[in-house]
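# Structure at a glance
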Amino acid sequence: MAGHGFLTVPEELLEHAEAVASWYADNGYSVKAEPADPAYPYTPTLRCRRPPTRVFVEVTGKLSLERAEEWSRFGRSCTTDTRIVLAMPDSVLRSNEDDARLQKMGVGVCVSDKHGVREALVARDLAVNVELPVRGSLPKKLKRLLGPVYEQFDRSQWREGFEDACQVLQIESAKYLRKGIADGRITVLNKAGRRRALTNQTIDRMSLGRLAIAFSNIQTPNHPDTVLAQVLSRINKDRIGAAHQKRTPAAEARLRKNVGQHMYRVVSGLKAALNLA
């Protein structure tokens, strides 16, 4: 394989830089060496793209938290999925305090040795602004249901986290609807204003969007019914975008803008479905 002709990489790090470039290429990224753009705080060693994500990689033989912070600020100023990674030989020393500061910045680290390249710290999508409800304040049932979702957001897998949160809400909403109908409290009307005969099997097969319609057509809804109708209706468009339009720029931009508030809606919907409100 031909080298990338690096001009900014010291000779002793060239082999490392080539290994990192190959690692990203093997993971499906298109790789450009030392792209120039006045917007960049420094010339990155690599810019790696795998839509909708781009990763700026700085190969270094010495950890500089100041440079990492400046790259992090650049990433937070972007509007598309932007991640920053420091790539270094495994011989470069990092303290626990260094790693904690890098994690707070959202900057990732990958290291290489004779065995190859590995990810030491996961880079976050710096361009998405999401602050989830404090997990410690959630009721115990919600901690159990949303624990895996929070872990995904911690790893910057926020799209997957949102999809899973929607799935949790869909399941719990269906349970709530089944119970309400079985108890005789809930009556769902059709377009003609007549009672719909909904079996458990029919409800379990409903998509999140169809559940939204069912909740919107409950005769004499109570407060939790109304909350669920509103929540399901508000998040459904972006849920469809996350599940079925992953490569569509418009869907990506809309979800990126809305996902933070949607997660608060999901929590409100689950509280309603579980009678925790």
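Now for a quick tour of the structure. Predicted model, so just to flag it, every value in this text is computed and none were measured. The residue count restarts for each chain, going from 1 along the sequence in the order it is written. For a predicted model such as this one, the threshold for reporting local features is a pLDDT of at least 70, and the threshold for listing and counting side-chain atom pairs is 80 or more; totals across whole chains, interfaces and linings nevertheless cover every residue. As a rule here, side-chain values cover all heavy atoms of the structure and leave hydrogens and water aside.

## What to know about the side chain of Glu34
Convention followed: The numbering of helices and of strands both runs from the N terminus, where a helix is a DSSP run of H or I of at least 4 residues and a strand a run of E of at least 2. Burial classes follow relative accessibility: with a 1.4 Å probe on protein chains only, a residue under 20% of its type's maximum area counts as buried, one over 50% as exposed, and anything between as partly exposed. Counted as positive: Lys and Arg. Counted as negative: Asp and Glu, with His and the chain ends omitted from the count. Any carboxyl oxygen of Asp or Glu that lies within 4 Å of a side-chain nitrogen of Lys or Arg is treated as forming a salt bridge with it. A 3.5 Å cut-off defines polar contacts: any pair of N or O atoms within that distance qualifies, except that in protein one atom must be a possible hydrogen donor and the other a possible acceptor, and neighbouring residues in sequence count only when both atoms are side-chain atoms. Two residues qualify as a contact provided that any one of their heavy atoms is within 4.5 Å of a heavy atom in the partner residue.
Mapped onto the elements, Glu34 comes out in the loop between β1 (30-33) and β2 (46-50). Salt bridges are absent for the buried Glu34, whose nearest opposite-charge side chain, Lys32, sits at 9.5 Å. Separated by 2.8 Å, the side chain of Glu34 and the backbone nitrogen of Leu7 make a polar contact. With near-sequence residues (within four places) excluded, Glu34 lies in contact with Gly5, Phe6, Leu7, Thr8, Val9, Thr43, Pro44, Thr45 and Leu46.

## Re the environment of Arg76
Among the structural elements, Arg76 can be located in helix α2 (residues 65-76). Judged by relative accessible area, which is 42%, Arg76 ranks as partly exposed. Put simply, Arg76 and Thr220 are 144 residues apart on the chain and 46 Å apart in space, counted from C-alpha to C-alpha. Each residue touching Arg76, except ones within four places of it in the same chain, is listed here: Glu69, Met105 and Leu126. Engagement of the side chain of Arg76 in a polar contact is seen with the side chain of Ser72, the distance being 2.5 Å.

## Here we look at the environment of Ala273
Secondary-structure assignment places Ala273 in helix α9 (residues 249-273). Assessed through its relative accessible area of 9%, Ala273 is described here as buried. Counting along the chain gives 45 residues from Ala273 to Leu228, while the straight-line C-alpha distance between them is 7.3 Å. Excluding its chain neighbours within four sequence positions, the residues that come into contact with Ala273 are Glu172, Ser173, Tyr176 and Leu228.

## Here we look at helix α8 (residues 223-244)
Stated formally: The span you would expect from a helix comes to 1.5 Å times its residue count less one. Bend is computed residue by residue as the angle between axes fitted to the seven residues ending at the residue and the seven residues starting at it.
Here α8 is 22 residues long and its end C-alpha atoms lie 31 Å apart, about the 32 Å a rise of 1.5 Å per residue gives. Maximum bend of α8: about 40°, positioned at Asn236. Among the residues of α8, the N-terminal cap falls to Asn222, whose side-chain oxygen and the backbone nitrogen of Asp225 are separated by 2.9 Å.

## A word on the nonpolar core
The cut-off we apply is this: Only buried residues count toward a nonpolar core. Its members are Ala, Val, Leu, Ile, Met, Phe, Trp, Tyr and Cys residues joined through side-chain atoms within 4.5 Å.
Counting residues in each nonpolar core, the largest one holds 46 residues, and the members touching the most others are Leu177, Phe215 and Val259. Elements with a minimum of two residues in this core: α4 (140-154), α5 (158-182), α7 (208-216), α8 and α9. Among all residues touching Leu177, those that are not within four sequence positions of it are Ile186, Val188, Ile203, Leu211, Ala214, Phe215 and Ile218. If you look at the next biggest cluster of nonpolar residues, it comprises 20 residues, including Leu65, Cys78, Met105 and Val109.

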